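Chain by chain, the residues run as shown.
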Amino acid sequence: MEFARHLANELIEGGRFDLAYSARLQIDHGQSHAIQYLLDGIDVPIVPLVVNVFAPPLPTFKRCEEVARALRDAVASYPADTRVVVIASGGLSHRLPWPDWRDPHGEDEDFMVQAWLDGRENWSDYDVRRRQIIRAADAAITPEFDDRILDLFASGKASELAEFTTQQIEDEAGNGAQELRTWLMMAAMLDYVPGERLAYEAIPEWLTGMGVTILDPAGTPSATT
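Residues numbered from 1 in each chain as written. Predicted model: local features only at pLDDT ≥ 70, side-chain atom pairs only at ≥ 80, totals over all residues. Heavy atoms only, no water.

Draft legend 1. Geometry of the pairing of strand β1 (residues 195-203). Two elements, β1 and strand β2 (residues 208-215), share eight bridges in a ladder whose sense is antiparallel. By the bridge assignment, alanine 199 is partnered in β2 with valine 212. In this structure, the hairpin formed by β1 and β2 is closed by a connection of four residues, where leucine 207 is found at a positive phi of approximately 65°. (Pairing = 2+ DSSP bridges. Helix = DSSP H or I, 4+ residues; strand = E, 2+ residues; numbered from the N terminus.)

Shown next as structure tokens:
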């Protein structure tokens, strides 16, 4: 679509970032749940932005912030009068049985890596055992960490996330919390306006600390939009 091409071209032609653009992107629950629950019945174009929060080496939090600021500039330069909503998906603290794909240990980790590498076209062949491995994992949720992150968003200080390192997140909140890169990017695109914390719940059955926060530049008098 025209808007997606504009974003990619602005970042690439501006010499700032070399984004990949896909005409056949396969999305997962990270995008589909947001579409299903937040956009149900709303007919709007969607531009999925995929950030590597999963397969090492991961982009730094600082680099993700820089990409988000470039995207903000690209949105602002779009010639049409367009309203844009930025949705970031991903859990707070959680640790999933995802091995480092470069160095798996044991049969389960070997299987999980094989599923990621070869399961795109035949996911059903891997799904039963994959779910068994995930369900057998123990929950490792850190509500204190999650509260601290949600407080940063509520107070307009989410930019502090850009100073986190991959190892720090791993140690404090688990490998799944690397998904906070998307939260950071959303906040950066909205110029770090203070947000409203809507909900938080530690859900052991999902192995994840789940939270929701809204940042609304239109409702923040001091924000630039």
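Draft legend 2. Structural detail: helix α4 (residues 106-118). Here α4 contains 13 residues, and its C-alpha end-to-end distance of 18 Å stays within 8% of the 18 Å for a straight helix at 1.5 Å per residue. Considered for burial, the residues of α4 that qualify are Phe111, Met112, Val113 and Ala115. (Expected span 1.5 Å × (residues − 1). Buried < 20%, exposed > 50% of the residue type's maximum accessible area, 1.4 Å probe, protein only.)

Draft legend 3. How the structure looks around the packing of aromatic side chains. Following the criterion strictly, the structure yields seven aromatic pairs and no others. Between phenylalanine 145 and phenylalanine 164, the ring centres sit 6.4 Å apart and the planes meet at 85°, which makes this aromatic pair edge-to-face. On the criterion of sequence distance, the pair formed by phenylalanine 145 in helix α6 (residues 143-154) and phenylalanine 164 in the loop between α6 and α7 (166-173) is long-range, its members being 19 residues apart. Relative to tryptophan 183, the ring of phenylalanine 153 has its centre 5.5 Å away and its plane inclined at 75°; by these criteria the two rings are edge-to-face. Pair noted here: phenylalanine 153 is in helix α6 and tryptophan 183 is in helix α8 (residues 180-189), with a separation of 30 residues, a long-range link. We note that phenylalanine 153, like tryptophan 183, is buried. Sitting over the face of the ring of phenylalanine 111, arginine 129 holds its NZ or CZ atom 4.5 Å from the ring centroid. (Phe/Tyr/Trp six-rings, centres within 6.5 Å; stacked < 30°, edge-to-face > 60°. Lys NZ or Arg CZ within 6 Å of the ring centre and 35° of its normal.)

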